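Breakdown of the fold
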Amino acid sequence: MPDFFKTSSHTQDSVQGTSARKEAVMNSIRSELAIVNVQELINKATEKCFTKCIPKPGSSLTSSDEACLARCLDRYMEALSRTYTARISKESSQLRGAAAEI
């Protein structure tokens, strides 16, 4: 009598192949999301700093416009870095706390 509940090696290979394809698709999606997030960050920083530093757009930037943009972008990136670091630290401590409860 055949055993219908026993998995054949062919079925196991198929499941492993499907898992590998699924992981590849997930990695591709993660990469695309990272690219979109960076593009959004650059667009926001550019928009905010341009609005703040360039009151009257012209054909070229003055040295004070360039200095303002550089300072603004530095501050924006520094603030973002602090926020990101704080979030990672908080999530890490939450994970350690959850692991300690187990």
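Each remark here, short or long, concerns the structure printed above.
This report concerns the structure included in the present document.

In this section: the state of the cysteines. Applying the stated criterion across every chain, the model contains two disulfides. With a sulfur-sulfur separation of 2.0 Å, Cys49 is cross-linked through a disulfide to Cys72. Between Cys49 and Cys72, the S-S dihedral sits near -85°, and the bridge is therefore left-handed. Here Cys72 lies in helix H2 (residues 63-101) and Cys49 lies in helix H1 (residues 9-53), a separation of 23 residues in the sequence. Just as Cys49 is buried, Cys72 falls in that class too. Between the sulfur atoms of Cys53 and its disulfide mate Cys68 the distance is 2.0 Å. Residues Cys53 and Cys68 are joined by a disulfide whose S-S torsion is about -70°; by sign, that bridge is left-handed. Linking Cys53 in helix H1 with Cys68 in helix H2, this pair joins segments that are 15 residues apart in sequence. Each member of the pair Cys53 and Cys68 is classed as buried. Cysteines bonded in the protein chain are numbered consecutively along the chain; their disulfide partners then correspond to 1-4, 2-3.

What follows concerns a nonpolar patch on the surface. Residues Val25, Met26, Ile29 and Leu33 make up a contiguous nonpolar surface patch of roughly 350 Å² in combined accessible area. Tracing the backbone through its elements, the reader meets Val25 in helix H1. Look at Val25 and you get partly exposed, because its relative accessible area is 48%.

Quantified by volume, the largest pocket comes out at close to 180 Å³. As for the largest pocket, its lining consists of Asn37, Val38, Glu40, Leu41, Lys44, Tyr76 and Leu80. The set of elements that each furnish at least two residues to the lining of the largest pocket consists of H1 and H2. The biggest single contributor to the lining of the largest pocket is H1, with five residues. Empty space within the second largest pocket amounts to approximately 150 Å³. Taken together, Leu80, Ser81, Thr83, Tyr84 and Arg87 make up the full set of residues lining the second largest pocket.

Reading the values: rules and limits
Residues numbered from 1 in each chain as written. Predicted model: local features only at pLDDT ≥ 70, side-chain atom pairs only at ≥ 80, totals over all residues. Heavy atoms only, no water. Disulfide = S-S within 2.5 Å. Helix = DSSP H or I, 4+ residues; strand = E, 2+ residues; numbered from the N terminus. Buried < 20%, exposed > 50% of the residue type's maximum accessible area, 1.4 Å probe, protein only. Patch = residues over 30% accessible without salt bridge, like charges linked within 9 Å, V, L, I, M, F, W, Y side chains within 5 Å. Areas by Shrake-Rupley, 256 points an atom, 1.4 Å probe, with all protein chains shown as cover. Salt bridge = Lys/Arg side-chain N within 4 Å of Asp/Glu carboxyl O. 1 Å grid on protein atoms, 1.4 Å probe; cavity = no way out; pocket = protein on both sides within 12 Å on 5 of 7 lines; lining within 4 Å. Points joined across faces, edges and corners; volume = space filled by probe spheres on them.

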